[in-house]
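# Geometric and topological summary
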Amino acid sequence: MERIYLDYAATTPVDPEVLRAMQPYFTDIFGNASSIHSFGQEARKGMEAARETLASFLGAKAEEVVFTSGGTESNNAVIFGVANALKNKGNHIITSSIEHHAVLEPCKFLEKQGYKVTYLKVDKTGLVDPADVKKAITKETILITVMHANNEIGSIEPIEEISKIAKENGVYMHTDAVQTVGHIPINVTNLGIDMLSLSAHKFYGPKGVGAFYIKKGTKFSPYLRGGDQERGRRASTSNVAGIVGLGKAVELCGKKLEEEVKIHSELRDFLIKEISEKIPECCLNGHAERRLPNNVNFSFSYIEGESILLNLDLLGIAASTGSACTSSSLSPSHVLLAIGLSHEIAHGSLRLTLGRFSRKTDAGYLLEHLPKIVDKLRRMSPLYEPK
Ligand SMILES: *Cc1c(COP(=O)(O)O)cnc(C)c1O
């Protein structure tokens, strides 16, 4: 049976070149990067080379990069780190209603501690209006955190405009760029941000390693204490092999980015066109143009996204949904509700995300089967009356 992976937004395979670069750091170059002997110094060299690679890819300085265990930790570290460091300045944070849970949950936790959080609404394409950010700022505002691109619907937020407003008001600006690093060009100076989160496993690096960019001079209180790794901003023995893998993954993305953006956008647009034409009563979720090159997200009336997934899985196709009937919460994705979909329509969503190893034949295989699956499920649905 064919096996087709269309869930690159959930995670990506490690690129074979990344794996090769990492391997020596588990065996020959195993030293603790904080040790002063040659074992340690060799490991340190590999880690610092990765830091240079990442910094230059982002348009940052090496000392502005802090390695972490991934996107979730980076978001937590930044939000709690700024909230703590600036608690005498103010207690208000602005974010959006479509953030990843790794931003929303720290914000909710801070609310319990007495902080105030504004969750900005988005329009029906998933975009935050910078004018709303401006209106939400008070004398108490210490941090604005808005994601660079949404992981479910792929909409790319107007970060430059929001950063400009943040700067004019003397407020720190953070962006969760876990879905964009390695997928679209990024430069921290052009974005105008103070902090940015990223994660290696979303761009062909290993799981369990990520980083955040923090502009020199930004006030920040460390989350992990107990060592002076990462210049005291994140204690714990460095994950050297993981960091080297992250560095290699960034290097490969740097080389391939332009071409991959083109290939993925073409395949994305092909899928969007074909699905719209082949399947009646469906709608594209997210913005038509301001969209990640690899993201396709549709809602199909009358049916459950999870049923579509199970049927696709039987054919060897891996995808994702914003429906959540088998998970602990019965509520569909907060993102799909935030763009104004009804519960019924939100439950019928399907996310297809492309990547480095996607082929046009994968799209062909999907397009051969998806219309039949949707039709079959609709015929079984009590809500459906064929037109
Ligand atoms: C995957 C993801 C995260 C979490 O990153 P991990 O490295 O898996 O912890 C955070 N934000 C966004 C937008 C993501 O897509």
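Residues numbered from 1 in each chain as written. Predicted model: local features only at pLDDT ≥ 70, side-chain atom pairs only at ≥ 80, totals over all residues. Heavy atoms only, no water.

### A word on the overall build of the chain
How we decide: Think of it this way: any DSSP run of H or I at least four residues long counts as a helix, any run of E at least two long counts as a strand, and we number them from the N terminus. Summary of the burial criterion: residues with accessible area below 20% of their type's maximum are buried, those above 50% are exposed, and those between are partly exposed, where the area comes from a 1.4 Å probe applied to protein chains only. Pairs of residues are marked as contacts when any of their non-hydrogen atoms sit within 4.5 Å. Per-residue accessibility takes into account occlusion by the displayed protein chains alone, with areas from the Shrake-Rupley method and a 1.4 Å probe. Charge assignment in this entry is limited to Lys and Arg as positive and Asp and Glu as negative, and neither His nor the chain termini are counted. For the purpose of locating charges, the reference atoms are NZ of Lys, CZ of Arg, CG of Asp and CD of Glu.
Counting secondary structure elements, the chain contains twelve helices and twelve strands. Along the first, second and third principal axes, the C-alpha set of the chain runs to 70 × 55 × 35 Å. By residue count, 59% of the 387 residues in the chain fall in the buried class. A fraction of 72% describes how many contacts in the chain between residues 6 or more apart in sequence connect residues 24 or more apart. Per element, the accessible surface of the chain, about 17,000 Å² overall, is 54% carbon and sulfur. If you average the places of the 45 positive and of the 45 negative side-chain charges in the chain, the two averages end up 4 Å apart.

### Overview of the packing of aromatic side chains
The geometry of an aromatic ring pair comes down to the distance between the two centres and the angle between the two planes. Heads up, the condition is: Any two of the Phe, Tyr and Trp rings considered here, Trp counted by its six-membered ring, make a pair once their centres fall within 6.5 Å; the pair's planes then place it as stacked at under 30 degrees, edge-to-face at over 60, or tilted in between.
Applying the stated rule across the entire model yields nine aromatic pairs. Here the aromatic rings of Phe 80 and Tyr 223 are separated by 6.0 Å at their centres, their planes lie at 20 degrees, and the arrangement is stacked. Remark: Tyr 223 occurs in the loop between strand 8 (210-214) and helix 8 (240-278) and Phe 80 occurs in helix 3 (residues 71-85); sequence separation between them is 143 residues. Classification of Phe 80 as buried rests on a relative accessible area of 16%. Look at Tyr 302 and Tyr 384: their rings are 5.0 Å apart centre to centre, the planes differ by 50 degrees, and that puts the pair in the tilted class.

### A few points about the sheet that holds strand 12 (residues 349-353)
Test applied: Strands qualify as paired when DSSP identifies two bridges or more between them. The axes used here are C-alpha line fits, helices contributing only the stretch in contact, and every angle between their N-to-C directions lies in the interval 0 to 180 degrees.
Taken together, three strands build an open sheet; the order of strands is 9-10-12 and the sheet is antiparallel. For this open sheet the edge positions go to strand 9 (282-284) and strand 12, each flanked by a neighbour on one side alone. Pairwise comparison of adjacent strand axes, ignoring direction, gives a mean angle of 25 degrees for this sheet. Where strand 10 (residues 295-300) lies against strand 12, five bridges are found, and the strand directions are antiparallel. In the sheet register, Ser 299 faces strand 12, and the bridge partner there is Ser 349.

### Topic: the pattern of salt bridges
Rule in force here: The working definition used for a salt bridge is a side-chain nitrogen of Lys or Arg within 4 Å of a carboxyl oxygen of Asp or Glu.
Counted by the stated rule, this structure contains 20 salt bridges. Close ionic contact of Asp 7 with Arg 351 constitutes a salt bridge, the shortest N to O distance being 3.0 Å. Here Asp 7 is found in the loop between strand 1 (4-5) and helix 1 (16-22), whereas its partner Arg 351 is found in strand 12, with 344 residues between them in sequence. Look at Arg 351 and you get buried, because its relative accessible area is 9%. Within this structure, Lys 273, Glu 274, Glu 277 and Lys 278 form a network of salt bridges that share partners.

### Details of the pairing of strand 8
Of all five residues that make up strand 8, five are buried, and the element is covered over most of its length. Burial of strand 8 is two-sided: the residues Gly 210, Phe 212 and Ile 214 facing one way and the residues Ala 211 and Tyr 213 facing the other way are all buried. As defined by bridge partners, strand 2 (residues 65-68) adjoins strand 8 across four bridges and the pair is classed as antiparallel. Residue Val 66 lies in a different strand from strand 8, and its bridge partner there is Phe 212. The pairing of strand 7 (residues 195-199) with strand 8 spans five bridges and is classified as antiparallel. The residue bridging Ser 197 from the neighbouring strand is Phe 212, located in strand 8.

### A look at the site of the ligand
Rules: The near set for a molecule or strand comprises every residue that places at least one heavy atom within 4 Å of it. Polar contact is the term for a pair of N or O atoms within 3.5 Å; when the atoms are in protein, one must be able to donate a hydrogen and the other to accept it, and sequence-neighboring residues count only if both atoms are side-chain atoms. All residues other than Ala, Val, Leu, Ile, Met, Phe, Trp, Tyr, Cys, Pro, Asp, Glu, Lys and Arg, Gly among them, are scored as polar; the first ten of these are nonpolar and the last four charged.
Close to the ligand lie 13 residues, the nearest being Thr 72, Asp 176, Gln 179, Ser 199 and Lys 202. Measuring from an oxygen atom of the ligand, one finds a side-chain N or O atom of His 201 at 2.8 Å. Contact with the protein chains hides 87% of the accessible area of the ligand, taken as 380 Å² for the molecule alone. The element best represented in the shell around the ligand is helix 3, accounting for three residues. For the shell around the ligand, the per-class residue count stands at two nonpolar, nine polar and two charged.

### Observations regarding the domain arrangement of the chain
The condition is simple: The split of the chain into domains comes from an automatic or database domain assignment. Summed over both partners, the accessible surface that disappears when two parts come together, traced with a 1.4 Å probe, is what is meant by buried area.
When the domains of the chain are assigned, the result is domain 1 (4-11 + 257-379) and domain 2 (16-252). Contacts between the two partners involve 27 residues from domain 1 and, on the opposite side, 33 residues from domain 2. Buried area between domain 1 and domain 2, both sides added, is near 2,500 Å², and the carbon and sulfur share of it is 57%. Together, Leu 257, Arg 290 and Leu 292 form the three largest contributors to the area buried by domain 1 at its contact with domain 2, with a combined 26%.

### Description of the nonpolar core
Quick reminder of the rule: The set of buried Ala, Val, Leu, Ile, Met, Phe, Trp, Tyr and Cys residues whose side-chain atoms join them within 4.5 Å is what this entry labels a nonpolar core.
In terms of nonpolar packing, the biggest core is built from 63 residues, with Leu 58, Ile 144, Leu 196 and Phe 203 touching the most fellow members. Per-element accounting of this core gives the leading share, nine residues, to helix 8. Each of domain 1 (4-11 + 257-379) and domain 2 (16-252) contributes no fewer than three residues to this core. Other than its neighbours up to four places away in sequence, Ile 144 contacts Ile 94, Val 133, Ile 137, Ile 162, Ala 166, Val 171, Tyr 172, Met 173 and His 174. Phe 298, Leu 309, Leu 312 and Leu 370 belong to the second largest nonpolar core, which has 27 residues in total.

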